[in-house]
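For reference, the chains in residue letters:
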Amino acid sequence: MESSELKRSKDSPNSDESAGLSSFPDEVLERVLSLLKSHRDRSFVSLVCKDWYNAERWSRTHVFIGNCYSVSPEIVARRFPNIRSVTLKGKPRFSDFNLVPQNWGADIHAWLVVFAAKYPFLEELRLKRMAISDESLALLAVAFPNFKALSLLSCDGFSTNGLAAIATNCKNLTELDIQENGIDDKGGSWLGCFPESFTSLEVLNFANLTSDINFDALERLVGRCKSMRVLKLNRSISLEQLQRLLVNAPQLAELGTGSFSQELTFRQYKELECTLSNRKNMHTLSGLWEAKGIYLPALYPACTNLTFLNLSYAALQSSELAKLLAHCPRLKRLWVLDTVQDKGLEAIGLNCPLLEELRVFPDDPFGEEIVHGVTEAGFVAVSYGCPRLHYVLYFCQQMTNAAVATVVQNCPDFTHFRLCIMNPGQPDYLTNEPMDEAFGAVVKTCTKLQRLSVSGLLTDLTFEYIGRYAKNLETLSVAFAGSSDWGMQCVLGGCPKLRKLEIRDCPFGNAALLSGLEKYESMRSLWMSACKVTMNGCRLLAREMPRLNVEVMKEDGSDDSQADKVYVYRSIAGPRRDAPPSVLTL
Amino acid sequence: MEGGLILLGGGGGGSSGVSTKESAVSKVEVVSEASSYPAESELELGLGLSLGGSGGATGKTKPACSSSWGECGRILTAKDFPSVVSHKANNGVPSSIAVSGTKRAAESVSHEGGSPTGVGHVVGWPPIRAYRMNSLVNQAKAPRAEEDKEICEKDKLKDASKKKLYNGNKISSAVNEKGHLGFVKVNMDGIPIGRKVDLNAHSCYESLAQALEDMFLRSANSVGAEKEQVTKPSKLLDESSEFVLTYEDKEGDWMLVGDVPWRMFLSSVRRLRIMRTSEANGLAPRFHESNERQRSKPI
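If you're wondering where the values come from, they're calculated on a predicted model, not measured in any experiment.

S.K.: Explanation requested: the overall build of chain A in the structure shown.
M.R.: A count of helices and strands for chain A gives 20 helices and 23 strands. The 586 residues of chain A split such that 61% are buried. The contacts of chain A with a sequence gap of at least 6 include a subset with a gap of at least 24, amounting to 70%. Split by element, the accessible area of chain A, about 21,800 Å² in all, is 53% carbon and sulfur.

S.K.: Sorry if this is basic, but what is going on with the overall build of chain B here?
M.R.: A tally of regular secondary structure across chain B gives eight helices and six strands. Of the regular secondary structure in chain B, the N- to C-terminal order runs β-α-α-α-β-β-α-α-α-β-β-α-β-α. Residue pairs at least 24 apart in sequence account for 69% of intrachain contacts in chain B once pairs closer than 6 positions are excluded. Carbon and sulfur atoms make up 54% of the accessible area of chain B, which amounts to about 11,000 Å² in all.

S.K.: Is there a simple way to think about unusual backbone geometry in this case?
M.R.: Glycine aside, a negative phi is what most residues show, and trans is what most peptide bonds show. The step from Trp 125 of chain B to Pro 126 of chain B runs through a cis peptide bond, and the omega angle for that step is -5°. Topologically, Pro 126 of chain B is positioned in the loop between helix H1 (82-86) and helix H2 (130-138). One non-glycine residue with positive phi stands out, namely Glu 180 of chain A, at about 50°. Mapped onto the elements, Glu 180 of chain A comes out in the loop between strand S6 (175-179) and strand S7 (182-184). According to the relative accessible area criterion, Glu 180 of chain A is buried, its value standing at 13%.

S.K.: What am I meant to see in the packing of aromatic side chains here?
M.R.: The relative placement of two aromatic rings is captured by the distance of their centres and the angle of their planes. Within the structure shown, the criterion is met by 28 aromatic pairs over all chains. Among the aromatic residues, those joined into a ring-pair cluster are Tyr 69, Phe 94, Phe 97, Trp 104, Trp 527, Tyr 567 and Tyr 569 of chain A. In this structure, Arg 132 of chain B packs its charged tip against the face of Tyr 313 of chain A, placed 5.0 Å from the ring centre. Seen from the ring of Phe 361 of chain A, Arg 132 of chain B lies directly overhead, with NZ or CZ sitting 3.7 Å from the centre.

S.K.: Sorry, what's going on with the environment of Leu 514 of chain A here?
M.R.: All names here are of chain A. With respect to the helices, strands and loops of the structure, Leu 514 is situated in helix H19 (residues 510-514). Exposure remark for Leu 514: the relative accessible area of 22% places this residue in the partly exposed category. In sequence terms Leu 514 and Leu 541 are 27 residues apart; their C-alpha atoms lie 6.5 Å from each other.

S.K.: What should I look at first to understand the packing of helix H3 (residues 39-46) of chain A against helix H4 (residues 50-59) of chain A in this one?
M.R.: Axes are the key here: two packed helices are described by the angle between their axes and the distance separating the axes. All names here are of chain A. Orientation of H3 relative to H4, taken along the N-to-C sense of each, is 145°, at an axis distance of 8 Å. Along its contact with H3, which presents Arg 42, Val 45 and Ser 46, the element H4 presents Trp 52, Tyr 53, Glu 56 and Ser 59. Class assignment for the residues of the contact of H3 with H4 results in three nonpolar, two polar and two charged.

S.K.: Looking at this structure, how should I read the pairing of strand S22 (residues 565-570) of chain A?
M.R.: Residues and elements named next belong to chain A. Burial analysis of S22 places five of its six residues in the buried class, the great majority of the element. Taken together, the five bridges between strand S20 (residues 525-529) and S22 define a ladder with antiparallel strand orientation. Residue pairing for S22: Leu 526 is matched across the bridge by Val 568. Across six bridges, strand S21 (residues 548-553) lies against S22 in antiparallel orientation. Residue pairing for S22: Leu 548 is matched across the bridge by Arg 570.

S.K.: How should I be thinking about the pattern of salt bridges in this particular structure?
M.R.: Side-chain pairs of opposite charge can arise where the charged atoms are in close proximity. Residue and element names in this part refer to chain A. Under the defined criterion, the tally for this structure stands at 35 salt bridges over all chains. Residues Arg 42 and Glu 56 are paired through a salt bridge, measuring 2.7 Å at the closest nitrogen-oxygen approach. One end of the pair, Arg 42, is in helix H3; the other, Glu 56, is in helix H4, with 14 residues separating them in the sequence. For Arg 42, a relative accessible area of 4% translates into the label buried. Note that Glu 290 and Arg 235 form a salt bridge whose closest N and O atoms lie 2.3 Å from each other. Taken together, the residues Glu 290 in the loop between strand S11 (284-286) and strand S12 (308-310) and Arg 235 in the loop between strand S9 (230-232) and helix H10 (239-248) connect sequence positions 55 residues apart. Under the relative-accessibility criterion, Arg 235 is labelled buried at 15%. Shared partners join several salt bridges into a network, and the residues in it are Arg 42, Glu 56, Arg 60 and Arg 79.

S.K.: Can you help me understand helix H20 (residues 535-544) of chain A in this one?
M.R.: Since one α-helical turn is 3.6 residues long, residues separated by three or four positions face the same way. Residues and elements named next belong to chain A. Of the positions making up H20, those classed as buried are Met 535, Gly 537, Cys 538, Leu 541 and Ala 542. Take H20 and look down its axis: the buried residues cluster within an arc of 160°, on one side only. Seen from the open side of H20, the exposed residues pointing more than 90 degrees away from its buried face are Asn 536 and Arg 543. In this structure, the buried residues of H20 make contact with H19, S21, S22 and strand S23 (583-585).

S.K.: Would you mind going over helix H7 (residues 134-143) of chain A with me for this structure?
M.R.: Residue and element names in this part refer to chain A. The complete set of buried residues in H7 reads Asp 134, Ser 136, Leu 137, Leu 140 and Ala 141. The buried residues of H7 occupy an angular sector of 160° when projected down its axis, which confines them to one face. Set apart from the buried face of H7 by more than 90 degrees, the exposed residues are Glu 135 and Val 142. Buried positions along H7 lie against helix H6 (109-118), strand S3 (124-128), strand S4 (149-153), strand S5 (156-159) and helix H8 (160-169).

S.K.: I'm lost on the nonpolar core in this one. Help?
M.R.: In summary, soluble globular proteins display a tendency toward joint burial of nonpolar side chains. Leu 218, Ile 348, Phe 417, Leu 452 and Ile 466 of chain A are the most contacted members of the largest nonpolar core, which totals 180 residues. The next biggest cluster of nonpolar side chains, apart from the first, holds 22 residues, and it includes Leu 199, Phe 243, Val 257 and Phe 265 of chain B.

S.K.: In this structure, what is going on with the side chain of Arg 451 of chain A? I would like to understand it.
M.R.: Residues and elements named next belong to chain A. Note on placement: Arg 451 falls in strand S17 (residues 451-453). Although Arg 451 lies buried, it forms no salt bridge, and the closest oppositely charged side chain, Glu 502, sits 5.0 Å away as judged by the N-O distance. Every residue in contact with Arg 451, bar those within four places of it in the chain, is listed here: Arg 93, Tyr 391, Thr 415, His 416, Phe 417, Arg 418, Leu 473 and Thr 475.

Scoring rules and cut-offs
- Counting starts from 1 at the beginning of each chain's written sequence and moves along it residue by residue.
- Labels are handed out in written order, letters beginning with A for the chains and numbers beginning with 1 for the ligands.
- Whole-chain, interface and lining totals are the exception, using all residues; otherwise, since this is a predicted model, local features are given only for residues with pLDDT of at least 70 and side-chain atom pairs are given and counted only at 80 or more.
- Side-chain measures here rest on the full set of heavy atoms in the structure, leaving out hydrogens and waters.
- Each helix is a run of DSSP H or I of at least 4 residues and each strand a run of E of at least 2, with the numbering of both proceeding from the N terminus.
- Any residue under 20% of the maximum accessible area for its type is buried, any over 50% is exposed, and the rest in between are partly exposed; the area is computed with a 1.4 Å probe on protein chains only.
- We call two residues in contact when some of their heavy atoms are within 4.5 Å.
- Accessibility throughout is a Shrake-Rupley quantity obtained with a 1.4 Å probe, and a residue counts as covered only by protein chains that appear here.
- Under the pairing criterion, centres of Phe, Tyr and Trp rings, with the six-membered ring standing for Trp, must be within 6.5 Å; the plane angle then separates stacked pairs below 30 degrees from edge-to-face pairs above 60, leaving the rest tilted.
- Charge over a ring is defined by NZ of Lys or CZ of Arg lying within 6 Å of the ring centre and within 35 degrees of the ring normal.
- Lines are fitted to the C-alpha atoms to define the axes, a helix being fitted only along its stretch in contact, and any angle between axes, read from their N-to-C directions, falls within 0 to 180 degrees.
- Under the convention adopted here, Pro, Cys and the residues Ala, Val, Leu, Ile, Met, Phe, Trp and Tyr are nonpolar, Asp, Glu, Lys and Arg are charged, and Gly plus all remaining residues are polar.
- Any two strands between which DSSP finds at least two bridges are classified as paired.
- Any carboxyl oxygen of Asp or Glu within 4 Å of a side-chain nitrogen of Lys or Arg constitutes a salt bridge here.
- An arc is given here, and it is the one of the directions from the helix axis to the C-beta atoms.
- For our purposes a nonpolar core is just a set of buried Ala, Val, Leu, Ile, Met, Phe, Trp, Tyr and Cys residues, chained together by side-chain atoms within 4.5 Å.
- The charge count includes Lys and Arg as positive and Asp and Glu as negative, but it does not include His or the ends of the chains.

Spelled out as structure tokens, the structure:
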């Protein structure tokens, strides 16, 4: 530990004289602290005293940066000299829904340049909502000889050429996880760029690429990577091809199939069934695009130890789901499409007593029929059967206050409650009242609630409840809700642990915005779009709080005094310099 | 040549339409294809592109006639989007036009075409990530889905939500690797109800054009009657026809039908649009040339 010796001589000549805690030799302190993984624990540790601050910064190997603009790469490199793994998040979450201009920023390149100089031994990079170009990927591929793991989630700006550069050059790669990105898919030949001598891959996820993959290259790759434990294929892979791959990867713990609907002969089906029946150690299953009900039984034996089943691409009917779930007794996380309807949700309640997370996605979000998908009845049915439920994401066309109250009574341990009534501003469809009492029940009953997304017709009362009861709330998403500034003021005045607040299309204006002046410094970020905030309000905020970056995104043709989209975040790096012209930094 | 749709390359795509006054949309608003309304309508819909480097070549979104939800604006075309052409296939720059609808004005209820209120007419709502939207609409839908719901707006919205803002997924619905039937949507300007045509049932452009004429122009009489702006069928089939046939390719670009060999066309076409020639003004001279070239080329 050369570096720590150096540091000891420079930074802590008086360590022996400090009382109590600091009388540990630094090596011991660092050793102990190196066992700390949680970055929050580490933050607390670094505040204890100078010695602990130093020991912590030298022993930290992983850094998590929730907002890439809150700090600069140079500052990070200066404080943490021994980083091996970086997690970075960029754009505001609403960029997932096309609310952020394309060229907004969050480009990884400046970071990579600094990392290449300061962290030549970087091993892992996990990015979410960052902009990455092929040049950046090419730089990444050659600048870090020990590079092992790349995970890209919701990023954009690159193409499969960039992936080819990674495949070609990263000799020690163990993980390549390309999820849900805005990737320019130029074809599947990048897979063939892994050299024949390359055998280290353990995690490969290209499920959301659309083009055909070079299957021979994939087959050979899977064949020679004996440690592969996660393989998530894209839709272009047929059942037959899946079969061939599985034969070569007996130890897979997580499988994402390709398309599950090829016409199979009886023999082929039996072969597949046989191969899958040996997969007792599989704990995660996903993919299943276009899943044909008649082939699902092939999966049954493989589901014995399944804890996470992602059916959100398989438009199953309720009966198909019910039969499948009967074979998944250990399920903890389940994602489905609402084609399974309330009957399917009842089946979940009956078959999955250990369920902790349920996500129900709409199959046809813009459909016209009113009664479509799942309703409050299904939600309630699940809650009766799954008392351990603590994470829910539920898209529905109708909901009632009473149903939500019942759900949280049955499942009081919710930590993440995201309810999306798809028609904006829709009231309780039975009583025609606002949905205030529903979310009131949620925050009153679920004391551990960390994340809440509200929807439906909501008055300020909802936000009064939230401000008053949601003591552990960290993330709040609000859309088409509220009656006046008072609502937002309640939230900003309550919710002591609030970190992220994202609001769209609500009648909150300057008074609300400015009521949170001090609060914003303890938060990661605030987003407000299509509200009633004006440029003057934003300017005032910027003036009063110099340590906040206040950015306004203007839209063409809008009134000059209106602040269409506002993004406020704390930063020790000062205002950013890479904002496009449509983004004004105040 | 008598009859026949003119195969013409088009620019600017368009998808489902909701007119807007206030725009919460930074990138894309929606142009209604149900419009059979005069080009000089006061309410102009914009197709805003948010391309790398600039706010994009946005059309104007004038908060004009707040009451005229019934009217549509003119359809913007290639000449309104110079950057579409120049920014194609750049790394990190989307070449497709993504549309997810526009913010509904508070009191607005309906819009042209009489399509559903609520969901689907607001940018980024319901909050479903783009990749998931694409995946959903890529899947073969159950029979209940497509055929009985082919109201223009809804289709357009679905198509719209399909397109990613980022470098999009390439969706090949005509010919996919499983050899499924190559039904693609066809929409014609001025007609709110779209159709579907099986491309695999044709072996050449001529035959396709014929089928489309049968589909749209024969039956246009009844539909066109209410909308005075729709040209009477008899005029449509002229050589200097009012309509041209364009298609959207895998990359999300709107292209001339007829430039490439038939099989290549099959592998890249996603859907078709019978577009008004008047909208393709800037391309007129080229159009005539290539038109003749294509016609005389054996396929």
